[in-house]
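The lines below spell out each chain.
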Amino acid sequence: ASAKSASPTARPYGGLAMEERVAARRARFIEAGVELFGTQGFRGATVRGVCAAAGLTDRYFYESFPTLEALLAAVYTSLREGFATRLTQESFSSEGWRGDAAAIERQVTAAYELWFDTVRDPRFARILLVEVLGVSPQMDALYEESARAMAALTVAPLATTDPTLKLSRARRELLGRALVGAALQVAKMWMTGGYRLPRRD
């Protein structure tokens, strides 16, 4: 009886369960969003265009996203989280923050190198630095939450580092915002200048 009552859509199709198919379609829409928002811009994109780029119908779009703005939020979050993961794995975990100033200098340099390697992709840079701004109060709140999270991630290791670098919680927060703000502004200048400045500069 339970087999008869099971929904046909829940059965495996092509070796994938329904939840896996939904997740795969969502990922395709996010990839399409990166391409379109990163080249045409959010305001120049349409649901129809995203569907065409993803090779899926609008029925599947609305299965995952109620609006185009919801897709923008998902794209932005995906890019931000991907960078944060790489930052943690490739920079902050490579040597640790304990030790002398030279070790910390290497860590910070590695983090900035990763950041500028990442924003060298103009699609990523455009979405992260331009397209999410001024869309809506909800997107502004997501941007603010992202800046706060990245600032906290940036300076979290300082809480356990050499005693000579001890900072109060308030000062760590200010330092994190300053470092993240510098990275955002210089990246925007680099992008809008057509990446003419050498990355080393």
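What you are looking at is a predicted structure, and each value in this text was computed from that prediction instead of being measured. (Residues numbered from 1 in each chain as written. Predicted model: local features only at pLDDT ≥ 70, side-chain atom pairs only at ≥ 80, totals over all residues. Heavy atoms only, no water.)

The helix and strand tally for the protein chain stands at nine helices and zero strands. Shown N-terminal to C-terminal, the secondary structure of the protein chain runs as helices and strands in the order α-α-α-α-α-α-α-α-α. Counting the 201 residues in the protein chain, one finds 37% classified as buried. Put simply, the protein chain shows about 11800 Å² of open surface, and 57% of that area lies on carbon and sulfur atoms. (Helix = DSSP H or I, 4+ residues; strand = E, 2+ residues; numbered from the N terminus. Buried < 20%, exposed > 50% of the residue type's maximum accessible area, 1.4 Å probe, protein only. Areas by Shrake-Rupley, 256 points an atom, 1.4 Å probe, with all protein chains shown as cover.)

A word on the side chain of Ser136. Among the secondary structure elements, Ser136 is positioned in the loop between helix H7 (122-131) and helix H8 (137-155). Judged by relative accessible area, which is 10%, Ser136 ranks as buried. A distance of 2.6 Å separates polar atoms of two side chains, one belonging to Ser136 and the other to Glu69. At 3.1 Å, the side chain of Ser136 and the backbone nitrogen of Met139 are in polar contact. (Polar contact = N/O pair within 3.5 Å; in protein donor to acceptor, adjacent residues only side chain to side chain.)

Let's shift gears to the pattern of salt bridges. According to the stated counting rule, one finds ten salt bridges in the structure shown. The closest approach of N and O atoms between Glu131 and Arg43, which form a salt bridge, is 3.7 Å. A residue pair is termed long-range when its members are at least 10 positions apart, and Glu131 in helix H7 and Arg43 in the loop between helix H2 (18-39) and helix H3 (47-54) qualify at 88 residues. A relative accessible area of 6% means that Glu131 is categorised as buried. Three or more residues joined by partner-sharing salt bridges are found here, namely Glu35, Asp121 and Arg123. (Salt bridge = Lys/Arg side-chain N within 4 Å of Asp/Glu carboxyl O.)

In this model H8 runs 27 Å from its N-terminal to its C-terminal C-alpha over 19 residues, within 8% of the 27 Å that 1.5 Å per residue would give. Burial in H8 covers these residues: Met139, Leu142, Ser146, Ala147, Met150, Ala151, Thr154 and Val155. (Expected span 1.5 Å × (residues − 1).)

Here we take up the packing of aromatic side chains. Following the criterion strictly, the structure yields ten aromatic pairs and no others. Taken together, the ring pairs in this structure connect Phe29, Phe61, Tyr62 and Phe65 into an aromatic cluster. Across from the ring centre of Trp190, 5.9 Å away, lies the NZ or CZ of Arg120, which sits over that ring. (Phe/Tyr/Trp six-rings, centres within 6.5 Å; stacked < 30°, edge-to-face > 60°. Lys NZ or Arg CZ within 6 Å of the ring centre and 35° of its normal.)

This brings us to the packing of H7 against helix H9 (residues 169-192). Contact geometry for H7 and H9: axes closest at 10 Å, N-to-C directions at 120°. The pairing of H7 with H9 is recorded here as oblique in orientation. Seen from above, H7 lies across H9 with left-handed handedness. The residues of H9 that touch H7, namely those facing Ala125, Arg126, Leu129 and Val130, are Leu184, Ala187, Lys188 and Met191. Grouping the constituent residues of the contact of H7 with H9 by class yields six nonpolar, no polar and two charged. (Axes fitted to C-alpha atoms, helices over the stretch in contact; angles between N-to-C directions. Parallel < 35°, antiparallel > 145°, perpendicular 65-115°, else oblique. Left-handed = near helix turned anticlockwise from the far one by under 90°. Contact = heavy atoms within 4.5 Å. Nonpolar A, V, L, I, M, F, W, Y, C, P; charged D, E, K, R; others polar.)

Judged by nonpolar contacts, the single largest core of 48 residues is most densely connected at Phe29, Phe37, Phe61, Leu68, Leu71 and Trp115. At the level of elements, H2, H3, helix H5 (68-95), helix H6 (101-118), H7, H8 and H9 are the ones that each hand at least two residues to this core. Examining the composition of this core, we find that eleven residues originate from one element, H5, more than from any other. (Core = buried A, V, L, I, M, F, W, Y, C linked by side-chain atoms within 4.5 Å.)

On to the packing of H8 against H9, then. At a minimum axis separation of 8 Å, H8 and H9 run at an interaxial angle of 115°. On the basis of their axis angle, the class for H8 and H9 is roughly perpendicular. The crossing of H8 and H9 is right-handed. Taken together, the residues of H9 that come into contact with H8 (itself represented by Tyr143, Glu144, Ala147, Arg148, Met150, Ala151, Thr154 and Val155) are Arg172, Leu175, Gly176, Arg177, Leu179, Val180 and Leu184. Residue composition of the contact of H8 with H9, grouped by class: nine nonpolar, two polar and four charged.

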